[in-house]
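Spelled out, the chains give:
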Amino acid sequence: RGLRQKGYPVTMIVHNAVDHEAAPWKTALSRFQLRQADRFVTHNAALAADLRQLVPETPIEVSAHPVYDDYPEPRGTLAREAGLELLFFGLIRPYKGLDLALEALAASGRDDVRLSVVGEFWEGRDQIDALIARLALEDRVTLVPRYVTDAEAAEYFARSDALVAPYRSATGSGVVALAQWYARPVIASDVPGLAEEVEDARTGWVFPAGDVDALARLLKTDVTRPAAAALGPALEAQRAHLTWAHFGDVVLAGVQA
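The notes below deal with the structure included here.

Rules used throughout
Residues numbered from 1 in each chain as written. Predicted model: local features only at pLDDT ≥ 70, side-chain atom pairs only at ≥ 80, totals over all residues. Heavy atoms only, no water. Buried < 20%, exposed > 50% of the residue type's maximum accessible area, 1.4 Å probe, protein only. Helix = DSSP H or I, 4+ residues; strand = E, 2+ residues; numbered from the N terminus. Arc of directions from axis to C-beta. Contact = heavy atoms within 4.5 Å. Polar contact = N/O pair within 3.5 Å; in protein donor to acceptor, adjacent residues only side chain to side chain. Salt bridge = Lys/Arg side-chain N within 4 Å of Asp/Glu carboxyl O. Pairing = 2+ DSSP bridges. Axes fitted to C-alpha atoms, helices over the stretch in contact; angles between N-to-C directions. 1 Å grid on protein atoms, 1.4 Å probe; cavity = no way out; pocket = protein on both sides within 12 Å on 5 of 7 lines; lining within 4 Å. Points joined across faces, edges and corners; volume = space filled by probe spheres on them. Right-handed = clockwise from strand over helix to strand, strands pointing away.

## A closer look at helix α3 (residues 45–54)
Right, on to step 1. Buried within α3 we find Leu 47, Ala 48, Leu 51 and Leu 54. Down the axis of α3, the smallest arc covering the buried residues is 120°, so these residues share one side.
Right, on to step 2. Those residues of α3 hidden inside the fold are in contact with β1 (11–14), α2 (24–34), β2 (39–42) and β3 (60–62).
Right, on to step 3. For α3, the N-terminal cap is Asn 44; the gap from its side-chain oxygen to the backbone nitrogen of Ala 46 is 3.2 Å.

Spelled out as C-alpha cells, the structure:
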C-alpha cells in the first residue's frame, strides 16, 4: 500500500484468493490485501474468477505455474518393485483426497500396483491408517509420513510411473509442477486449477472429482507403465514451455519503464 502511494506499480502473484478452510474474517483480510494491487498474475482461469469476485476492477493475467527446475536429478537409488508405481506427494490434507486414491486402488482389483504416500500429515493420520487396514492395502501402500529432502523427492519421483492428485478442490498445485519437472504424468481430478494443468491422455489422465469408480476404472484399464512412458514426449515439451523465464516475462510485462 505504501509503495502504491509513492507511485510504484504493484503486481501480486496470487496462488489462493480464498483459503481452503475459508472463514469470513479470512475473506475480509484477503480482500483488503488484494485491493492494494494494480495488477494480478495467477495460474489459471478458476483463480482469476475468484479474484474477480473479490476485486473486480483489477486487471488479471493468467500464466501457468512454472516447473520447479531447481530440484536435483535423481540417482536411481529406489528400485521399481511393482508393475505400476504411483506416487501421492506433499502435505497430506483432507481436500487432497488421499482416501479417494486408496479406495480407488482397492476397487481397481489390481495387485501389481504400489502407491507411495510421501509427505507430512496435516491431519487424519489415524483415519488413513484405519482405511488402509480396512481395505487390506498394507502390501500395496508405502507410507513415508514426513517431510523429505529435495534429493529424496527426486528419488520418489524417479521411481514413480505417475503422480496421483485426486483433489476435492484446488486452485493449482506445486506438486503437479514438480511432477512436470520430472516428466511424470498426473492422474488428476477435474477440479478447476488441475484440469487446466493436465491434458487428458496427453500429459496425464483426468477423472471427475470425487468419483472413486471412475478413478478405479482408470487404474484398471488406462494407467500402465507403457502408457505412462508413451506420454514422455508431450511431458518433455510441456516442461520446456513452463519455464520461470516465461513466467518472469509475464510478471514484468506489467512494469512500466
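Back to the text.
## Here's the deal with the pattern of salt bridges
Right, on to step 1. Scanning the model with the defined rule gives 12 salt bridges in all.
Right, on to step 2. Linking Asp 161 and Arg 225 is a salt bridge whose minimum nitrogen-to-oxygen distance equals 3.0 Å. Of this pair, Asp 161 sits in the loop between α6 (150–159) and β7 (162–165) while Arg 225 sits in helix α9 (residues 225–230); the two residues are 64 residues apart in sequence, bridging distant segments of the chain.
Right, on to step 3. With relative accessibility at 27%, the residue Arg 225 sits in the partly exposed group.
Right, on to step 4. Where Glu 236 meets Arg 239, a salt bridge forms, and the shortest distance between an N and an O atom there is 3.2 Å. One end of the pair is Glu 236 and the other is Arg 239, both in helix α10 (residues 232–241) and 3 residues apart, which spans about a single turn.
Right, on to step 5. A residue is classified by how much of its surface remains accessible, and Glu 236, at 37% relative accessible area, is partly exposed.
Right, on to step 6. One network of salt bridges, in which partners are shared, links Glu 81, Glu 85, Arg 114 and Arg 159.

## Regarding the sheet that holds strand β4 (residues 84–89)
Right, on to step 1. Within the open sheet, the 6 strands sit side by side as β6-β5-β4-β7-β8-β9. Their pairing is parallel. A strand with exactly one partner marks an edge of an open sheet, and here the two such strands are β6 (141–144) and β9 (204–207). Adjacent strand axes in the sheet meet at a mean angle of 20° when their direction is disregarded.
Right, on to step 2. Examined bridge by bridge, strand β8 (residues 186–189) and β9 share 4 bridges and lie parallel to one another. Note on β9: the bridge partner recorded for Ile 187 is Trp 205.

## Topic: empty space enclosed by the protein
Right, on to step 1. Counted according to the given criterion, the structure contains 2 cavities of 30 Å³ or more.
Right, on to step 2. The computed volume of the largest cavity comes to approximately 50 Å³.
Right, on to step 3. As for the largest cavity, its lining consists of Leu 86, Ala 101, Ala 104, Leu 105, Leu 115, Val 164, Leu 215 and Leu 219.
Right, on to step 4. Sorting the residues of the lining of the largest cavity by element identifies α4 (98–108) and α8 (212–222) as the ones contributing at least two each.
Right, on to step 5. Broken down by element, the lining of the largest cavity gets its largest block of residues, 3 residues, from α4.

## A word on the pairing of β2
Right, on to step 1. Because side chains alternate across β2, one face comprises the buried residues Arg 39 and Val 41, and the other comprises Phe 40 and Thr 42, equally buried.
Right, on to step 2. Where β1 and β2 come together, 4 bridges link them in parallel fashion. Among the inter-strand pairings, Thr 11 is bridged to a residue of β2, identified as Arg 39.
Right, on to step 3. Bridge analysis of β2 against β3 gives 3 bridges, and the strand direction is parallel. By the bridge assignment, Val 41 is partnered in β3 with Glu 61.
Right, on to step 4. Between the parallel pair β2 and β3, the chain is carried across by α3, and the sense of this crossover is right-handed.

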